[in-house]
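One letter stands for each residue in the lines below.
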Amino acid sequence: MKARLLRIAGRVQGVGYRDWLVREARRHGIAGWVRNRADGTVEALLAGEEDGLNAVLTACRRGPPLAQVTRIEEQFAEPPEEPGFTRRPSL
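Because the structure is a prediction, the values reported are computed rather than measured. (Residues numbered from 1 in each chain as written. Predicted model: local features only at pLDDT ≥ 70, side-chain atom pairs only at ≥ 80, totals over all residues. Heavy atoms only, no water.)

With that settled, consider helix α2 (residues 50–62). Given a rise of 1.5 Å per residue, 13 residues ought to cover 18 Å, and the 19 Å separating the end C-alpha atoms of α2 matches this to within 8%. Within the span of α2, buried status applies to G52, L53, V56, L57, A59 and C60. Projected down its long axis, α2 shows its buried positions confined to an angular sector of 165°, all on one face. Of the residues in α2, the exposed ones pointing more than 90 degrees away from the buried face are D51 and R62. On its buried face, α2 sits against β1 (2–11), α1 (17–27), β3 (42–48) and β4 (68–76). The first or second residue beyond α2 is G63, which carries a positive phi of 75°. (Helix = DSSP H or I, 4+ residues; strand = E, 2+ residues; numbered from the N terminus. Expected span 1.5 Å × (residues − 1). Buried < 20%, exposed > 50% of the residue type's maximum accessible area, 1.4 Å probe, protein only. Arc of directions from axis to C-beta. Contact = heavy atoms within 4.5 Å.)

Written out as structure tokens, the structure reads:
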């Protein structure tokens, strides 16, 4: 299992990005979480098998219809201890 921590910038808050990412991650069998940050970015921890992880990473660059992703910072991370993919409170 591989894991990535993402910081997604652009018009990503108030456009349904988190709910959309929860659906995408669950559809591809990805574990982790997503939350808004006070600086206007969205932060997400994604963990899973390479094919599913790559599919969700590609989808994150596009986002839902109302989003406009301008930048994604990506780093390696440890997989989450809890199963499933959740929406966390804003930070």
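Continuing now.
Inspection of the entire model under this criterion finds 10 salt bridges. A salt bridge links D19 to R87, with the shortest nitrogen-to-oxygen separation between them at 2.6 Å. One end of the pair, D19, is in helix α1; the other, R87, is in strand β5 (residues 85–87), and 68 residues separate them in sequence. For R71, the salt bridge is made with E73, and the minimal N-O distance between the two is 3.3 Å. With a relative accessible area of 44%, R71 lands in the partly exposed category. Given the relative accessible area of 42%, E73 is considered partly exposed. Linked by salt bridges that have partners in common, R4, R61 and E74 make up one network. (Salt bridge = Lys/Arg side-chain N within 4 Å of Asp/Glu carboxyl O.)

With that out of the way, let us pick up the environment of A59. Tracing the sequence through the fold places A59 in helix α2. Remark: the alpha-carbon pair of A59 and H28, spanning 31 residues in sequence, is separated by 11 Å. In contact with A59, other than residues within four places in its own chain, are W20 and E24.

Structurally, I8 is set in strand β1. Sequence spacing of I8 and V69 is 61 residues, and the spatial spacing of their C-alpha atoms is 6.9 Å. Apart from the residues lying within four places of it in its own chain, the contact partners of I8 are Y17, T41, V42, V69, R71 and I72.

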